[in-house]
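Single-letter residue listing:
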Amino acid sequence: MDSPPPTTEQSSTDCCQGHQTDPPGPQSSTDDTNIQQNTTNGNDKGQRDSPPPTTEQKGRNAGNCSADICQGDQTDPPGPQSSTDDTNSQQNTTNERDKGQMDFSSSKTEQGSNAGDCAANRCQGDQMKGSQSLTDDTNSQENTTNEINLESFLKDLGLEQHYRKKLSLQNILQIDKKTIDDEPAKCKSHLPWHFLKKLMMVNVTARNVKYDSDKNSNDDGMSENTELDFNDLFDVANSEDMVNPLDVITALFLCSDGFVQQQMALKMSMCQFPVPLLLPSCDSQQCTLMLWAMRDIVKQYRPEALSESKDFTEERIVLSNLPMVSFVRLGECSLSKSETLNKLLSNSQQYHNIFVHHNMECGDSPRRISNGLTEITWYLPCGNKNIDIFSQPVAVANLRGDIESFETQYAFLCQASAAVFVFLDKLDDLSRLSKKQHHQTQIFLVGNIGDKFPDVTFLNQVTKTLGLTKNNLLFKKNQENYANFIKRLREAVSKVISKTERKMSIEQMANIAHELRIWVDEDFPECQTAKQHADAITAEIQDTLTFKEEQLPLQGQIWKELTSLEKEEFRLQKLGSENIEKRKSDLKEKIDTLRQNQNSKDFSNAMKSFITALSLPQIERNYFLKWMQIYLDDVSRIKLSELRDLYEEKRKSSENKEEIKQLDQQLTNSSLGTEHFFREMGQMYEASRFLPETDPSRQQLKYLPELCAQLLMDGFPFELVDGDASNIPLQWVSDVLSQLNEIVSPKNKILVVTVLGVQSTGKSTLLNTMFGVQFAVSCGRCTRGAFMLLIKVHEEFKTVLNCDFIVIIDTEGLKSLEGAQLNKNRDYDNKLATLVVGMSNITITNLATENLTEMKDILQIVLHAFLRVREIDKKPKCIFVHQNVSSAAAHEKNTQAQDHLLKLLNELTQTIAQTDQKECKSFSDIMEYNPNTGNFFIPGLWNGNPPMAPVNVGYSEAVYELKKSLIQPMENVDFGAYSICKFQSCLKILWDAIKHENLLLSFRDSLETVAHNRLRTEFEDWDNKFINEVKQWITDAETKISNRKSNNLTKSETKKLVKALKKTATIMLSDGERKILDNLTQYFSQTEGLVHLVTGYRENYEKKVKKDRQGLEKLVNTRLQMAEDIALKRYYRQNYV
Ligand SMILES: Nc1nc2c(ncn2[C@@H]2O[C@H](COP(=O)(O)OP(=O)(O)OP(=O)(O)O)[C@@H](O)[C@H]2O)c(=O)[nH]1
Ligand SMILES: [Mg+2]
């Protein structure tokens, strides 16, 4: 076999040589030592020392190293077995290489620094070609001699260059012509992009990888020939020309870096597609355990034990200790394994094609590179007995191809599974199975035996050898109903799940993989080094709050105090009788002291390690950040999910505001993510600005903005607003943006898209679906503050879009009405909304339409923000997204909703204009808004009942339409994309303005005042009318009593008259009271105006009516009594004196 070609860089050669003799697995190479040296140097600098802060490391290119690992492995037989097939394939490889068709051992300079070069290249080993018999589950008879040719297959798919230079997230997420292009695939090379585009938008139709070549599509069926030709009636489209979806998936996994693989696996699991557990190296028996690829998947479910409660389990799936049942095939089998599995795992109301099978589009095309692929999916219960197929969670693995050809995979499954279900047709094949020594697991035999009953003696013999009982045989006879057969299969699986003690996490399966010399995708030095760095930091975390206090102290109390001092500096609210200048200088002095205090603190160990790790070469750094995110999410998940549930419950009832406030604080305290580390970095940097320019500490830290700008370029989100302190570290953010500008200049034009809306209404999910990014969604942690993320625009598309990048800003959910009653939040919501709207070219307002009050509340905040923005001479485009509206909902209903919304917007605009003394007549005076194109109705996210529900295709399609509408018009309309410098200055101007008293955004208060004034005026009208009526009545009654003489009434008659008048008064008062109460009821039942803002006052007004009535009653009685007394006195005087 060829030895690897010589490399030019020594370190890589060392690395390569290391692997020539080492077995696959975590390696310690020369490079590793370099990294460690690097780290140690950083740490050696003493307490205030930070690591060499450079983003462009001089060191070697990690991607190169991995490529060499691959080449190194060429001399190291991959895996334990060497079969005849293997030999053939090697010969073949050599031949093909000689032809020079494709150079997979390209020189280092071509190899780039893609993160996944390492993992995937290792997994592919060296054998790019070879021949192997293909025995497709059901359709492969004719294809058994197909020659696997990865090289030409990848070429067909247009992926050949990515075999070595892996696809990165930047590659697949960048905006280009294809982003909004609805052209169907025309050739094989379109397929991977179509698949990826759909998958990134979690579209369950992604696996439909059919393409219409011109020759197929030319037939328009309108042939002039009048003669009937029935020949083509029976022509079945040639499935050989088509590409099996599994091949596309395998090819993409082979050609993607670790981050793309993770993203693909995550989105596939959301679509309820299985994900690769063992990725084949295509022409050898070697494969890779895709542990890293699955690390991002977090699942929620409710096992039987929790079914009574509202509780659920939330776990990172690779860490879940679950039983696994595996399904494999031996020889030929007429029963489709994958289709059977789909039926097994699907509820009758919710059938879903989990595994690709031959009856799906292109599922019958021969598999060229995906034999040996082992997929995994999970059945997770929802806690409802009537829906759940299995009451406990279970992992289900499915091996593609014949176990005879994939012994390693089979051995792995036998060791990792609680049971292995072997599908087979010919019982004779069993003799081959019995020879294999992999039976630590329970084996079940599944097959279609047709009409014949198998030879009993033979069956006896085999079952004895395999240690099976009758229960382990699941044969389907011709006459058996399919549903019944599935039921029996389910019962068998159920029994396995409930009885087995064999439960294992995928992380633990890595040990089995190592034993079997199966590669594990994280076992390469860059990933392991990054892991060690992350481990070192996170191992110290016992309690998140304590950790933050000890290790991230600058963002704690000091930063909060600084925030309030800065605020006071601008607003001078507590000025009193003090001199302004004196007050200002006092405040400045206090700020200085606090900054000095920050500077006096030594760098914590965690921060030292964090910055050191960020200074690693790009691959390690990116892996490090991912490891950190994973660990930190795991640390805070349990605590947070409990608190979030409680918070949501309390927020809805909103009884005790103090309690809600406390829970909010606890949520803040328990949350710990990488953003807290970056925040600390920001504080370190801000504080260092208070040191003399030449101070060594200041000098050391001055590279941090560059480091963060680089991370932004790598696609990591950057925190603009610190949601915990409700503040922006302006200097830090400005400097990062300046650095970013410097890196990208002159191509620095950005288009800013923002999302706003109530808490937990799927804002982050919407952005993630739309752009394929990964903002935190609340099953992990909810968004705090505001984060920005950079998406590249493809070079050729820049002129079309008139920008170089799209910046997307995800924001913390605005509190709903109840939450907004916490004053601090209301002010903060307004600030946040104003800021992000002010920064954006396009604002997406996310509305959950079921709740009109909540919607109005949000709209007011947003509108107010828009009005402020108008003051800074900007008119952002506004789009409303109505979530959870079924696509099937009548068009009319949506039109009504649009009309209603526009009416509401105009009404609110006019009210705002009144309160702020502005001249605005309609909403479009403030915002760029077209009611016909500015509304999107998006159906619910899930199709069915989670956790087994896939994403609703309607959701994905609607989000795609929204995305197109954002990008398409840019071709013709100038949305005013602006430069990063302008973005930076805009941020500063806005934030300074927001901090000022004159922009104190107590808009809701002023609206409330308007609304209350309206109510009070109305009420006073009713009340005064009533009082005047009563007073008039009293005067009339008094006259009646005093006129008793002319009426010649006796004493008793006078008393009688007063009594009658009192009675009439009571009736009159009750009538009057009821009338006002009725008026109030009518007033509060109005849906328009600003009535919803004052509903809280209703009780007060009702009380006032009652009190007024009581007062009037008293008045009536007193005045009548007085009138009677006077009358009687006169009567006495006249008659007796
Ligand atoms: N049923 C349903 N769930 C959804 C929908 N959209 C999002 N979710 C889920 O709701 C939860 C919250 O989604 P996020 O995207 O984090 O919401 P958010 O608005 O960004 O939340 P905050 O940042 O905390 O304000 C997640 O678990 C989503 O999976 C939807 O349309 N229907
Ligand atoms: Mg969010």
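Residues numbered from 1 in each chain as written. Chains lettered and ligands numbered in written order. Predicted model: local features only at pLDDT ≥ 70, side-chain atom pairs only at ≥ 80, totals over all residues. Heavy atoms only, no water.

- Under an unreviewed UniProt entry, the name given to the protein is Up-regulator of cell proliferation-like, and the organism recorded is Gouania willdenowi.
- Regarding the protein, the UniProt comment filed under Sequence similarities (unreviewed entry) reads as follows: "Belongs to the TRAFAC class dynamin-like GTPase superfamily. Very large inducible GTPase (VLIG) family." (UniProt positions renumbered as here; feature names shortened; annotations may be inferred.)

### As for the overall build of the protein
1) Next: A count of helices and strands for the protein gives 40 helices and 19 strands.
2) Next: Restricting to contacts in the protein with at least 6 residues of sequence separation, those with at least 24 account for 80%.
3) Next: For the protein, the exposed area adds up to about 47500 Å²; of that, 47% sits on carbon and sulfur atoms. (Helix = DSSP H or I, 4+ residues; strand = E, 2+ residues; numbered from the N terminus. Contact = heavy atoms within 4.5 Å. Areas by Shrake-Rupley, 256 points an atom, 1.4 Å probe, with all protein chains shown as cover.)

### Some remarks on the pattern of salt bridges
1) Next: Enumeration according to the criterion identifies 29 salt bridges in this entry.
2) Next: For Arg679, the salt bridge identified is with Asp722, shortest N-O distance 3.4 Å. Here Arg679 is found in helix α26 (residues 674-688), whereas its partner Asp722 is found in the loop between β12 (718-721) and α29 (730-744), with 43 residues between them in sequence.
3) Next: Looking at Arg679, the relative accessible area reads 7%, which means it is buried.
4) Next: The shortest N-O distance in the salt bridge between Glu1073 and Arg1109 comes to 3.0 Å. Within this pair, whereas Glu1073 is found in helix α39 (residues 1051-1084), its partner Arg1109 is found in helix α40 (residues 1098-1136), the two being separated by 36 residues in sequence. (Salt bridge = Lys/Arg side-chain N within 4 Å of Asp/Glu carboxyl O. Buried < 20%, exposed > 50% of the residue type's maximum accessible area, 1.4 Å probe, protein only.)

### As for the sheet that holds strand β5 (residues 324-330)
Within a sheet, each strand pairs with its neighbour through backbone hydrogen bonds, oriented either parallel or antiparallel.
1) Next: What the nine strands build is an open sheet, ordered β10-β9-β8-β5-β7-β6-β1-β2-β11; its pairing is mixed. Edge positions in the sheet fall to β10 (473-477) and β11 (519-520), since each of these pairs with one other strand and no more.
2) Next: Two elements, β5 and strand β8 (residues 419-424), share six bridges in a ladder whose sense is parallel. The residue of β8 that forms the bridge with Ser326 is Val420.
3) Next: The strands touched by helix α17 (residues 482-499) are β5, β7 (394-402), β8, β9 (442-450) and β10; relative to β10, the strand with the most contacts, the crossing angle is about 175°. (Pairing = 2+ DSSP bridges. Axes fitted to C-alpha atoms, helices over the stretch in contact; angles between N-to-C directions.)

### Considering the packing of helix α23 (residues 605-614) against α26
1) Next: Here α23 crosses α26 at 100°, and the two axes come no closer than 11 Å. Considering the angle they form, α23 stands roughly perpendicular to α26. Facing α23, whose interface residues are Ala606, Met607, Phe610, Ile611 and Leu614, α26 presents Phe677, Phe678, Glu680, Met681 and Met684.
2) Next: Within the contact of α23 with α26, the residues separate by chemical class into nine nonpolar, no polar and one charged. (Parallel < 35°, antiparallel > 145°, perpendicular 65-115°, else oblique. Nonpolar A, V, L, I, M, F, W, Y, C, P; charged D, E, K, R; others polar.)

### As for the coordination of the magnesium ion (ligand 2)
1) Next: Looking at the magnesium ion (ligand 2), one finds its protein donor set to be Ser764 (OG) and Thr783 (OG1), positioned 2.0 Å from the metal centre. Separated by 19 residues along the polypeptide, Ser764 in helix α30 (residues 763-771) and Thr783 in the loop between α30 and β14 (786-792) bring together distant segments of the chain. In terms of burial, Ser764 and Thr783 fall into one category: buried. (Donors = N, O, S within 2.8 Å, 3.2 Å for Na, K, Ca; no water.)

### A look at the environment of Ile297
1) Next: Positionally, Ile297 belongs in the loop between α12 (291-294) and β3 (298-301).
2) Next: In this structure the C-alpha to C-alpha distance between Ile297 and Ser269, which are 28 residues apart in sequence, comes to 7.4 Å.
3) Next: Ignoring any residue separated from it by four or fewer positions in sequence, one finds Ile297 in contact with Ala265, Leu266, Ser269, Glu315, Arg316, Ile317 and Trp378.

### Some details on a negative patch on the surface
1) Next: A contiguous patch of negative charge on the surface is contributed by Asp311, Glu642, Asp645 and Glu649.
2) Next: Summarising the element assignment, Glu642 is placed in helix α24 (residues 618-653). (Patch = residues over 30% accessible without salt bridge, like charges linked within 9 Å, V, L, I, M, F, W, Y side chains within 5 Å. Lys, Arg positive; Asp, Glu negative; His and termini not counted. Charge placed at Lys NZ, Arg CZ, Asp CG, Glu CD.)

### Description of helix α10 (residues 245-254)
1) Next: Most of α10 sits inside the fold, with 10 of its 10 residues counted as buried.
2) Next: Within the sequence span of α10, burial applies to Pro245, Leu246, Asp247, Val248, Ile249, Thr250, Ala251, Leu252, Phe253 and Leu254.
3) Next: Capping the start of α10 is the job of one residue whose side-chain oxygen sits 2.9 Å from the backbone nitrogen of Leu246: Asn244. (Polar contact = N/O pair within 3.5 Å; in protein donor to acceptor, adjacent residues only side chain to side chain.)

### Some remarks on the pairing of strand β6 (residues 374-379)
Where a strand is regular, its side chains alternate between the two sheet faces.
1) Next: The buried fraction of β6 is high, at six of six residues.
2) Next: With burial as the criterion, each face of β6 is covered, one bearing Thr374, Ile376 and Trp378 and the other bearing Glu375, Thr377 and Tyr379.
3) Next: Looking at chain direction, strand β1 (residues 275-280) and β6 are connected through three bridges and run antiparallel. Residue pairing in the sheet places Leu278 in a bridge with Thr374 of β6.
4) Next: In terms of strand pairing, β6 meets β7 through six bridges, oriented antiparallel. Looking at β7, one finds that Ile376 is bridged to Ala397.

### So, the environment of Trp942
1) Next: Structurally, Trp942 is set in the loop between β18 (935-938) and α36 (953-967).
2) Next: Exposure remark for Trp942: the relative accessible area of 36% places this residue in the partly exposed category.
3) Next: Placed 10 residues apart in sequence, Trp942 and Asn952 show a C-alpha to C-alpha distance of 4.9 Å.
4) Next: Not counting chain neighbours up to four residues away, the residues in contact with Trp942 comprise Met270, Ala949, Pro950, Val951 and Asn952.

### Looking at helix α22 (residues 580-600)
1) Next: The end-to-end C-alpha distance of α22, which contains 21 residues, comes to 30 Å, matching closely the 30 Å that a straight helix rising 1.5 Å per residue would cover.
2) Next: Of all the positions in α22, only Arg583, Leu587, Ile591, Leu594, Arg595, Gln598 and Asn599 are classed as buried. Projection of α22 onto a plane perpendicular to its axis shows the buried side chains occupying an angular sector of 155°, all on one side. Opposite its buried face, α22 presents the exposed residues Glu581, Glu589 and Ser600, each directed more than 90 degrees away. (Expected span 1.5 Å × (residues − 1). Arc of directions from axis to C-beta.)

### Describing the packing of α26 against α29
1) Next: As a packed pair, α26 and α29 sit with axes 8 Å apart at the nearest point and diverge in direction by 100°. Considering their axes alone, α26 and α29 lie roughly perpendicular with respect to each other. Taken together, the residues of α29 that come into contact with α26 (itself represented by Phe678, Met681, Gly682, Tyr685 and Glu686) are Leu730, Gln731, Trp732 and Asp735.
2) Next: Across the contact of α26 with α29, the residue classes break down as five nonpolar, two polar and two charged.

### Digging into the packing of aromatic side chains
How two aromatic rings sit relative to each other is set out by the distance from centre to centre and by the angle between their planes.
1) Next: Overall, the coordinates contain 25 aromatic pairs when judged by the stated rule.
2) Next: Ring geometry for Phe259 versus Tyr623: centroids 4.6 Å apart, planes at 45°, classification tilted. Taken together, the residues span a long stretch of sequence, with Phe259 in helix α11 (residues 258-270) and Tyr623 in helix α24 at a distance of 364 residues. Of the two residues, Phe259 and Tyr623, both sit in the buried class.
3) Next: For the pair Phe547 and Phe677, a centre-to-centre distance of 6.1 Å together with 45° between the ring planes defines the contact as tilted. Separated by 130 residues along the polypeptide, Phe547 in helix α20 (residues 544-551) and Phe677 in helix α26 bring together distant segments of the chain. Take Phe547 and Phe677: they sit in the same class, and that class is buried.
4) Next: The structure contains a cluster of three or more aromatic residues connected by ring pairs, namely Phe259, Trp292, Phe524, Tyr623, Trp627 and Tyr631.
5) Next: The ring of Trp193 carries Lys178 above its face, with NZ or CZ at 4.6 Å from the centroid.
6) Next: Between Lys531 and the ring centre of Trp627, over which it is positioned, the NZ or CZ distance is 5.4 Å. (Phe/Tyr/Trp six-rings, centres within 6.5 Å; stacked < 30°, edge-to-face > 60°. Lys NZ or Arg CZ within 6 Å of the ring centre and 35° of its normal.)

### Notes on the confidence of the model for the protein
1) Next: For the protein, the average pLDDT comes to 78, and 75% of its residues sit at 70 or higher.
2) Next: Counted against residues more than four places away or in other chains, residues 1-147, with its pLDDT under 50, gives 327 contacts.
3) Next: A low-confidence stretch, residues 217-223 (pLDDT under 50), is modelled with one contact involving residues beyond four sequence positions or located in other chains. (pLDDT = per-residue confidence, 0-100.)

### Digging into the nonpolar core
1) Next: Within the largest apolar cluster, 162 residues are counted, with the highest numbers of intra-cluster contacts made by Leu277, Leu289, Trp378, Phe412, Phe421, Val422 and Leu445.
2) Next: Per-domain counts for this core show at least three residues from each of domain 1 (11-107 + 117-214 + 238-520) and domain 2 (746-1001).
3) Next: In contact with Leu277, not counting residues within four places along its chain, are Thr288, Leu289, Met290, Met294, Met324, Thr374, Glu375, Ile376, Ala397, Phe412, Leu413 and Ile506. (Core = buried A, V, L, I, M, F, W, Y, C linked by side-chain atoms within 4.5 Å. Domains from an automatic or database assignment.)

### Topic: unusual backbone geometry
1) Next: Here the residue pair Ser745 and Pro746 is connected by a cis peptide bond, since its omega of 5° sits within 30 degrees of zero.
2) Next: Structurally, Pro746 is set in the loop between α29 and β13 (749-757).
3) Next: The omega angle of the peptide bond from Pro946 to Pro947 is 10°, so this bond is cis rather than trans.
4) Next: Within the secondary structure, Pro947 sits in the loop between β18 and α36.
5) Next: One non-glycine residue with positive phi stands out, namely Gln272, at about 60°.
6) Next: With respect to the helices, strands and loops of the structure, Gln272 is situated in the loop between α11 and β1.
7) Next: Positive phi is not limited to glycine here, since Asn802 has a value of about 60°.

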